[in-house]
Structure formats: structure tokens, C-alpha cells
Amino acid sequence: MSLQRAIVGVVATLASLVLYVISPMPLARVELSVYDSLLPLRSAKNPSSVPVIVDIDEKTLKSVRQWPWPRYLVADLIAALDDYNVAASGFDILFSERDNSSPSEISEYLKRDRNLDVTFEGLSPDMYDYDGLLAEKLKGSYVVLAAFASDEGNPSPDAIPDSVNLIERASPGAVPYAPKLYSARGGVLPMTEFRSAKLGVINIEPDADGIIRRIPLIVSMGGKIYPTLSLRTLMEAL
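None of the values given here were measured: they were computed from a predicted structure.

1. Regarding the sheet that holds strand β7 (residues 224-227)
- As summarised here, the arrangement of the 3 strands in space is β3-β6-β7, forming an open sheet in which the pairing is mixed. Each end of this open sheet is capped by a strand with a single partner; those strands are β3 (183-184) and β7.
- Pairing of β3 with strand β6 (residues 218-221), which is carried by 2 bridges, proceeds in the parallel orientation. Bridged to A184 within β6 is M221.

Below is the structure:
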């Protein structure tokens, strides 16, 4: 009888290990459903009121204009946040291309495409280049901009700026963490003019059912370790 119990125990253990390794979709969905049902039990009773989300919602789009906004408006938003003495601001927006609504850009396009010489009257010098205006505003603000780690459309490794200084600690015999990181050869970065701001990565890892339940805290991009946007914004605030 004891031998039979031992055999049953071994078979059950092996079956559990096989299911864990294979992780069939029905079993994975059950596990995720159980996780979702238990997660509210761990929620904070009194969530902090410190983090604030500034949402570009439908009301904002109607009152201001459709996105993307001219970047002088983004600079105005940063100035308003500075007036409220926010500790740090994180933008989950990729400022990777030039603002085509700048007067300097409009003049260039009309000259190239229609051979028209267009001038603007009454503008201050800084208003001809909205990217330059935003770049100047970023220099004096505690702002973190988004980057996206990717193997597609990569800049050269030399183009990826340095990250924060990291101290690596591991107990003897610990499994190396590097192979477990999300890793990409390069990424989509903010324009060079905006590199005075800190960078945070916005990669996510959806589960098998497409729902996002977790966000990595650090990502390897171009061989350098970067904090994700939320963590980098917290670091900037502290």
C-alpha cells in the first residue's frame, strides 16, 4: 500500500512539473483568473494621493486641439507643472521626430513643395522652432521622457545615452539577473535635442490573455540597463 502511495505521489509530482514547464493555455488562463480574483485583497486601504495622472482625454482634445499638439503647448504644460512644484514629471510619449508644425518647418516644406516664400510676422525668435523651445524648457525641469527598447529601427550603440549608475549586488550562488531582463539591441529614443531630460523605458509584457498585469522595472537597451518610466520618474522625484 505504501509503495502504491509513493508511486502515485511521484507520478503526481512529475505531472505537475510537466504542466508547469509546458504551461498549456487553459491552465495558464485559470491561473491568471485566480490571480485576478486574489489581487484586490492585496490593494492598499488608503492609496497615496501623491502620484497624479495628467490625462490627455476627449475633453482636453476638444478644448485644445487634436494630438499631437505643437510642442510649445507641451512646454507650457511643463511650465504649469513646475508652477505647482511637482517633484518630477514623466511623459509616456515618444518625442522621437521633429514637430512639423513649427513655422521654420512649414516655411521649409512650402518652399520645397510649392516654391513659396512664406514669412511669419509678430513671432518672437524662440517661436520659430517649437522643438528648440521645448528643449530649453526641459533643461530646467525635472522631466523624464519615454524611450522604447526595440530591435527594429535601432540607432547605433553609440547613439544610446548613458543610463543611471547602478550597483549590482547578489548573494553567493544567486542566479544571474541579466538573462532574465527584457533585452533589445537598441530602441526608439527622444530627439537628440531633448536628451537633457532623463530617460525611462515604456516596454510592457502582456500575459497570455493579452492583459497587462506587470511592468518590468529595468530593461536592457543597447547593452545598458535602463529603469522603466515609472521607476525613473520616482528616482528623479527623490
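2. Quick notes on unusual backbone geometry
- Of the consecutive residues W67 and P68, the connecting peptide bond is found in the cis state with omega at 5 degrees.
- Tracing the backbone through its elements, the reader meets P68 in the loop between α3 (58-63) and α4 (71-83).
- Positive phi, normally seen in glycine, also occurs at N85, with a value near 60 degrees.
- Positionally, N85 belongs in the loop between α4 and β1 (89-91).
- N85 gets classed as exposed once you look at its relative accessible area, which sits at 67%.
- Even without being a glycine, N115 presents a positive backbone phi close to 55 degrees.
- Mapped onto the fold, N115 is located in the loop between α5 (103-114) and α6 (130-139).
- Taking relative accessible area as the criterion, N115 reaches 57% and is therefore assigned exposed.

3. Observations concerning the nonpolar core
- Within the largest apolar cluster, 30 residues are counted, with the highest numbers of intra-cluster contacts made by F91, L138, L145, F194 and M221.
- Residue assignment for this core shows that the elements contributing at least two residues are α4, α6, β2 (143-150), β5 (198-201) and β6.
- When residues no more than four places from it in sequence are discounted, the contact partners of F91 are V74, L77, I78, V143, V144, L145, A146 and L229.

4. As for the confidence of the model for the protein chain
- Mean pLDDT over the protein chain stands at 85; residues scoring 70 or higher make up 92%.
- Highest mean pLDDT in the protein chain belongs to β1 (95); lowest belongs to helix α1 (residues 2-22) (69).

5. Focus: the pairing of β6
- Direction of pairing for β6 relative to β7: antiparallel, over a ladder of 4 bridges. Across the sheet, V219 pairs through a bridge with Y226, a residue of β7.

The rules behind the values
- The numbering scheme is per chain: residues are counted from 1 as the chain's sequence reads.
- Under the rules for a predicted model, residues below a pLDDT of 70 receive no local features and side-chain atom pairs below 80 are neither given nor counted, while totals for whole chains, interfaces and linings still include all residues.
- Only hydrogens and water are set aside when side-chain values are computed; all heavy atoms of the structure are taken into account.
- Being paired, for any two strands, means DSSP has found at least two bridges between them.
- Helix and strand definitions here come from DSSP, where helices need a minimum of 4 consecutive H or I residues and strands a minimum of 2 consecutive E residues; each element is numbered from the N-terminal end.
- Residue exposure (1.4 Å probe, protein chains only): buried if accessible area is under 20% of the type maximum, exposed if over 50%, otherwise partly exposed.
- What makes a nonpolar core is a set of buried Ala, Val, Leu, Ile, Met, Phe, Trp, Tyr and Cys residues whose side-chain atoms join them at distances within 4.5 Å.
- Residues count as neighbours in contact if any of their non-hydrogen atoms are within 4.5 Å of one another.
- Every residue is assigned a pLDDT by the predictor, reflecting its confidence on a scale from 0 to 100.

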